[in-house]
Amino acid sequence: MTNAASARFPVASSLRRDGAIVDLRQLDISTDNEEEAEVPQRSGLLARFKARPLWQRIVLVLIGVFLLPYLFIFVYLLPLIHPVSTLMIGDAVTFRGYDRRWVPLDNIAPVLVKSVMVSEDGQFCYHGGVDWGEMRVLVDETLHGKSTRGGSTIPMQTVKNLFLWNSRSFVRKTLELPLAVFASAVWSKRRMMEIYLNVAEWGPGIYGIEAAARYHFKVPASRLTARQAALLAVSLPNPIDRVASKPGRGLSQLASLIQRRARNADAYIRCLYD
């Protein structure tokens, strides 16, 4: 309609409907342009974040980094997801490469599982991520200036491998404890053990029990013998210096001890195979 026509026929500001007069100016008539105008409002969160002082932005980023592992713990519930460790990521970023071949728990020799449990975490089936009794002993020994063992349970080692770093520190241990408890609450015992055995380091660039079995003994993880399983288990605390396929006298004696204990350790793995 031209301006002249608009002048002759002014637009009505109201109409009669069902006997009542309706004011057209009060009707909510939105246009595409008005909807598009909402888009900048959706980016308001980013704008408000940028407008904050630098120290507040740093704090918010740190909180996000702190919470991210807890989100990944839920993601790793899915059996199709094969998590990688921070060491694997480091090897990939530095172009060193690594060997890891994921295998389900049912494709791992039970004698290896028993050997690892009696060597690393005999109470795995009974605690909720942290062996608090062992932890109290370690704290007491530390306060009295005594040398201590690591005291890390399999859940603690798992979350450390997945989300944290290797060097010992109070900060790492502080982050590790709640992550281990949370992961133990979310994952089943089978899933925890499966992830642990597939991300543990067994030599330079060797991760997971399948790659370790083939690298050290030229067999798949499902065909490991009791002796081979014991040697792999006792090398876990220091897989760079403790070479399962080339054990020294001390490592051999320790493996013999673990091998004897593993023979009578069926009760230790009941939570995994019942």
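Attention in this report is confined to the structure presented alongside it. Given the structure is predicted, the values throughout are model-derived calculations rather than measurements.

Focus: the overall build of the protein chain
So, step 1. When its secondary structure is counted, the protein chain shows 15 helices and four strands.
So, step 2. Across the 274 residues that make up the protein chain, the buried fraction comes to 37%.
So, step 3. Put simply, 65% of the contacts in the protein chain that link residues at least 6 apart link residues at least 24 apart.
So, step 4. For the protein chain, the accessible area works out to roughly 16,700 Å², and carbon and sulfur atoms hold 58% of it.

Points about the packing of helix 13 (residues 226-234) against helix 14 (residues 249-263)
What describes two packed helices is the angle between their axes and the distance between those same axes.
So, step 1. Where helix 13 contacts helix 14, the two axes come as close as 8 Å, and the packing angle between them is 115 degrees. Considering the relative orientation of helix 13 and helix 14, their crossing is right-handed. In this structure, helix 13 uses Ala226, Arg227, Ala230, Leu231 and Val234 to contact helix 14, whose residues at the interface are Leu251, Ser252, Leu254, Ala255, Ser256, Ile258 and Gln259.
So, step 2. In terms of residue class, the contact of helix 13 with helix 14 is made up of eight nonpolar, three polar and one charged.

Considering the side chain of Gln157
So, step 1. Take Gln157: it is sitting in helix 9 (residues 154-163).
So, step 2. Apart from the residues within four sequence positions on either side, Gln157 is in contact with Glu120, Ser152 and Tyr196.

Looking at the pattern of salt bridges
So, step 1. Summed over the entire model, instances satisfying the criterion amount to eight salt bridges.
So, step 2. Between Asp99 and Arg101 there is a salt bridge whose closest N-O contact spans 3.2 Å.
So, step 3. Arg101 gets classed as partly exposed once you look at its relative accessible area, which sits at 37%.
So, step 4. Overlapping salt bridges, with partners in common, bring together Arg172, Lys173 and Glu176 in one network.

Here's the deal with the nonpolar core
So, step 1. Counting 62 residues, the largest nonpolar core has Met193, Leu197 and Ile209 as the members making the most contacts within it.
So, step 2. If we ignore the near neighbours within four places in the chain, the residues touching Leu197 are Leu105, Ile108, Leu112, Val113, Val116, Trp202, Gly208 and Ile209.

Overview of a nonpolar patch on the surface
So, step 1. Taken together, the side chains of Trp55, Val59, Leu60, Ile63, Phe66 and Leu67 present a nonpolar region at the surface, about 570 Å² in accessible area.
So, step 2. Counting through the fold element by element, Ile63 comes out in helix 5 (residues 54-75).
So, step 3. Accessibility expressed as a relative area gives 42% for Ile63, which makes it partly exposed.

Some details on the environment of Trp102
So, step 1. Structurally, the position occupied by Trp102 is in the loop between strand 3 (99-100) and helix 7 (110-120).
So, step 2. Placed 95 residues apart in sequence, Trp102 and Leu197 show a C-alpha to C-alpha distance of 9.1 Å.
So, step 3. Ignoring anything within four residues of it in the chain, the contact list for Trp102 reads Ile81, His82, Pro83, Arg191, Glu194, Ile195 and Asn198.

Considerations on the state of the cysteines
So, step 1. Tallying each qualifying case throughout the model produces one disulfide.
So, step 2. The side chain of Cys125 participates in a disulfide bridge whose partner is Cys271; the two sulfur atoms lie 1.9 Å from each other. Across the S-S bond linking Cys125 and Cys271, the dihedral sits near -65 degrees, which makes this disulfide left-handed. Placement of Cys125 in the loop between helix 7 and helix 8 (132-143) and of Cys271 in helix 15 (residues 270-273) is noted, with a sequence separation of 146 residues between them.
So, step 3. The class for Cys125 is buried, based on a relative accessible area of 17%.

Criteria and thresholds
- Residues numbered from 1 in each chain as written.
- Predicted model: local features only at pLDDT ≥ 70, side-chain atom pairs only at ≥ 80, totals over all residues.
- Heavy atoms only, no water.
- Helix = DSSP H or I, 4+ residues; strand = E, 2+ residues; numbered from the N terminus.
- Buried < 20%, exposed > 50% of the residue type's maximum accessible area, 1.4 Å probe, protein only.
- Contact = heavy atoms within 4.5 Å.
- Areas by Shrake-Rupley, 256 points an atom, 1.4 Å probe, with all protein chains shown as cover.
- Axes fitted to C-alpha atoms, helices over the stretch in contact; angles between N-to-C directions.
- Left-handed = near helix turned anticlockwise from the far one by under 90°.
- Nonpolar A, V, L, I, M, F, W, Y, C, P; charged D, E, K, R; others polar.
- Salt bridge = Lys/Arg side-chain N within 4 Å of Asp/Glu carboxyl O.
- Core = buried A, V, L, I, M, F, W, Y, C linked by side-chain atoms within 4.5 Å.
- Patch = residues over 30% accessible without salt bridge, like charges linked within 9 Å, V, L, I, M, F, W, Y side chains within 5 Å.
- Disulfide = S-S within 2.5 Å.

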